[in-house]
Amino acid sequence: MATTAADIKQKNATKADVFTYTGTDKRGRKVSGEIGGANIALVRAQLRRQGIVPDRVKKKAKPLLGERKKPIKPADVAVFTRQLATMMKAGVPLVQAFEIVADGLENPSMKALIKTIKSDVEGGTSFAQALKRQPAHFDDLFCSLVDAGEQAGALETMLDRLATYKEKTEALKAKIKKAMTYPIAVLVVAFVVTAILLIKVVPQFESMFTSFGGELPAFTQIVVAMSEWAQAYWFILLGGIIGAIFATKTALKKSEKFAYLVDRGLLKAPVVGPIVTHSAIARYCRTLSTTFAAGVPLVEALGSAAGAAGNRLYFDAIKVIQDDVSTGQQLQFSMRASNLFPNMVIQMVSIGEESGALDEMLHKAATHYEEAVDNSVDNLTSLMEPMIMSFLGVVIGGLVIAMYLPIFQMGSVV
């Protein structure tokens, strides 16, 4: 079988290495950078074609332990979708759009993924089928909407909707993480500082107080006893905390019942509960609006919305709603029966069903609850800051006061 030019090009691309170079451009300025090539001679020739006179070219050294692959995050998929939609709206052919988007990305793993999809499409596979071969990064909802766009001849429009959906979803996730990360980080710092004080600082004061003689104040005695316990059993405490975190993560993955209880507890939590509830409703409305507007039947769209809700209580409730709608019941009545959706959402769905603009009303509901999550996160952050500062003041300040109480007592005696 004859070897084609494309085969030779592919073979050379596979064998290409990365080289670093320094040289002089046409204006006499010193330049440096990296370039791919099969060998040093070809790299030098390529640089000359670009108007660069190379002074030094050498193969880039590989890391001793090998290159660590950067994981592909949902945010990377959102950026890819937005850029691809922009390219196609500008009239760029799909395969060429893959190449342009891949060249502009910094994540090597994402670049490799896009080039794999590009190769599949060039080989005659549809875009949707190429995405289905990458289930770790593109879910059924994404693939179904791309397939619908290809079938209808409106792929750029569908990609634009998908990009908006992904961006809104990731923004919502970021807000939730923002609400949780700040207090957790401060509590971790407080724990570390307290541990250092009890294990390293308090023993120094204790030895000094022992040389003075006399009885220590009760508060100081309590702190000294805590310090002695921390010095003797700190590894047990640390191991217990790490074990508890690991056991909780494992239980969330392995035990459906435990995960269900956690999700129900989060919904009823006094401060976090409204944020979790609003985010679940926003995801439900956003997903249902996007899929229904794309022409996906309501029953199938509800299946996608159930998986996107992010809470097992809402997942189960939406599955029940899906069964009810499949038997002919109106969406608004089934949502009301679940007792999980606010009256405002139900009323907006009712208006949408009656006016034939369900996707538009769901879109408005999603926007409203995304803004509600944003406001709740800002309020939570404002509320947590003084609470956390007060907590740190009581814990750290209490330890410091306990250490200085004997000194104050000695000063009053003198």
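Residues numbered from 1 in each chain as written. Predicted model: local features only at pLDDT ≥ 70, side-chain atom pairs only at ≥ 80, totals over all residues. Heavy atoms only, no water.

Draft legend 1. Region of the structure containing the overall build of the protein. From N to C terminus, the protein includes 16 helices and 3 strands. Taking 2.2 N^0.38 as the reference for a compact globule, 414 residues should give roughly 22 Å; the C-alpha atoms of the protein span a radius of gyration of 30 Å, well beyond that estimate. Overall size of the protein, expressed as C-alpha extent along the three principal axes, is 100 × 75 × 40 Å. Relative to its full complement of 414 residues, the protein shows a buried share of 36%. Taking all contacts inside the protein whose residues are at least 6 apart in sequence as the whole, residues at least 24 apart take part in 58%. Approximately 24,100 Å² of the protein is accessible, and the part contributed by carbon and sulfur atoms is 60%. Taken together, the 46 basic and 38 acidic charged side chains of the protein have centroids lying 9 Å from each other. (Helix = DSSP H or I, 4+ residues; strand = E, 2+ residues; numbered from the N terminus. Rg over C-alpha atoms; globule rule 2.2 N^0.38 Å. Buried < 20%, exposed > 50% of the residue type's maximum accessible area, 1.4 Å probe, protein only. Contact = heavy atoms within 4.5 Å. Areas by Shrake-Rupley, 256 points an atom, 1.4 Å probe, with all protein chains shown as cover. Lys, Arg positive; Asp, Glu negative; His and termini not counted. Charge placed at Lys NZ, Arg CZ, Asp CG, Glu CD.)

Draft legend 2. Highlighting the sheet that holds strand E3 (residues 53-59). Spatially, E2-E1-E3 is the arrangement adopted by the 3 strands of the open sheet, whose pairing is antiparallel. At either end of the open sheet lies a strand with only one pairing partner, and these are strand E2 (30-37) and E3. Each strand of the sheet is rotated relative to its neighbour by a mean of 25 degrees, with strand direction disregarded. Relative to E3, strand E1 (residues 17-24) runs antiparallel, the two being bridged by 6 bridges. Each residue of the ladder has a partner; that of Phe19, found in E3, is Lys59. (Pairing = 2+ DSSP bridges. Axes fitted to C-alpha atoms, helices over the stretch in contact; angles between N-to-C directions.)

Draft legend 3. Spatial organisation of helix H13 (residues 312-326). Its 15 residues place the ends of H13 21 Å apart at the C-alpha level, agreeing with the 21 Å of an ideal helix rising 1.5 Å per residue. For H13, the full list of buried residues reads Leu313, Tyr314, Ala317, Ile318, Ile321, Gln322 and Val325. With a side-chain oxygen positioned 3.0 Å from the backbone nitrogen of Leu313, the residue opening H13 is Asn311. Count one or two residues on from H13 and you reach Gly328, which has phi positive near 105 degrees. (Expected span 1.5 Å × (residues − 1). Polar contact = N/O pair within 3.5 Å; in protein donor to acceptor, adjacent residues only side chain to side chain.)

Draft legend 4. Summary view of the pattern of salt bridges. What the rule picks out here adds up to 12 salt bridges. The salt bridge involving Asp160 is made with Arg82; its shortest N-O contact spans 2.7 Å. Taken together, the residues span a long stretch of sequence, with Asp160 in helix H8 (residues 155-212) and Arg82 in helix H3 (residues 74-89) at a distance of 78 residues. Where Lys118 meets Glu99, a salt bridge forms, and the shortest distance between an N and an O atom there is 3.3 Å. (Salt bridge = Lys/Arg side-chain N within 4 Å of Asp/Glu carboxyl O.)

Draft legend 5. Expanded view of the packing of aromatic side chains. Applying the stated criterion across every chain yields a total of 7 aromatic pairs. Pairing Phe80 with Phe98 gives two aromatic rings, centres 6.5 Å apart and planes at 15 degrees, and the pair type is stacked. Remark: Phe98 occurs in helix H4 (residues 94-103) and Phe80 occurs in helix H3; sequence separation between them is 18 residues. Each member of the pair Phe80 and Phe98 is classed as buried. (Phe/Tyr/Trp six-rings, centres within 6.5 Å; stacked < 30°, edge-to-face > 60°.)

Draft legend 6. Expanded view of unusual backbone geometry. One non-glycine residue, Asn339, lies in the positive phi region at around 60 degrees. Position of Asn339 among the secondary structure elements: in the loop between helix H14 (331-338) and helix H15 (343-355).

Draft legend 7. Local environment of helix H2 (residues 40-49). Where H2 begins, the side chain of Asn39 points an oxygen toward the backbone nitrogen of Ala41, at a separation of 3.2 Å. Gly51 lies just past H2 and shows a positive phi near 85 degrees.

Draft legend 8. Expanded view of the nonpolar core. Of all hydrophobic cores here, the largest spans 76 residues; its most connected members are Phe127, Tyr284 and Leu331. Here the element with the most residues in this core is helix H16 (residues 358-413); it accounts for 9 residues. Ignoring any residue separated from it by four or fewer positions in sequence, one finds Tyr284 in contact with Leu302, Ala305, Ile318, Leu331, Met335 and Phe341. Formed by 11 residues, the second largest nonpolar core is a distinct cluster that contains Leu198, Leu399, Ala402 and Met403. (Core = buried A, V, L, I, M, F, W, Y, C linked by side-chain atoms within 4.5 Å.)

Draft legend 9. Region of the structure containing the packing of helix H12 (residues 298-308) against H13. Relative to each other, H12 and H13 sit at 175 degrees, their axes nearing to 9 Å. Taken together, the axes of H12 and H13 lie roughly antiparallel to each other. Two secondary-structure elements touch here, H12 through Leu298, Val299, Leu302, Gly303, Ala305, Ala306 and Gly307 and H13 through Phe315, Ile318, Lys319, Ile321, Gln322, Val325 and Ser326. Partitioned by chemical class, the residues of the contact of H12 with H13 number 9 nonpolar, 4 polar and 1 charged. (Parallel < 35°, antiparallel > 145°, perpendicular 65-115°, else oblique. Nonpolar A, V, L, I, M, F, W, Y, C, P; charged D, E, K, R; others polar.)

Draft legend 10. Main features of the pairing of E2. Strand direction decides the pairing type here: E1 and E2, joined by 8 bridges, are antiparallel. Looking at E2, one finds that Gly23 is bridged to Val31. In this antiparallel pair of consecutive strands, E1 and E2, the connection spans 5 residues, and Gly28 shows a positive phi of 85 degrees.

Draft legend 11. Expanded view of the side chain of Thr81. The topology assignment puts Thr81 in helix H3. The class of Thr81 is buried, set by a relative accessible area of 0%. If sequence neighbours within four positions are ignored, Thr81 has contacts with Phe142, Leu159, Leu162 and Ala163.

Draft legend 12. Region of the structure containing the layout of surface pockets. One number sums up the size of the second largest pocket: a volume of about 690 Å³. Taken together, 23 residues make up the lining of the second largest pocket; nearest its centre are Ile176, Asp263, Leu266, Arg283 and Gly310. Among the elements that take part in the lining of the second largest pocket, H8 stands out by supplying 6 residues, more than any other. Of the residues in the lining of the second largest pocket, the class split is 12 nonpolar, 3 polar and 8 charged. (1 Å grid on protein atoms, 1.4 Å probe; cavity = no way out; pocket = protein on both sides within 12 Å on 5 of 7 lines; lining within 4 Å. Points joined across faces, edges and corners; volume = space filled by probe spheres on them.)

Draft legend 13. Up close: the environment of Thr367. By secondary structure assignment, the location of Thr367 is in helix H16. The sequence separation of Thr367 and Phe258 amounts to 109 residues, and the corresponding C-alpha distance is 32 Å. There is a polar contact of 3.0 Å between the side chain of Thr367 and the backbone oxygen of His363.

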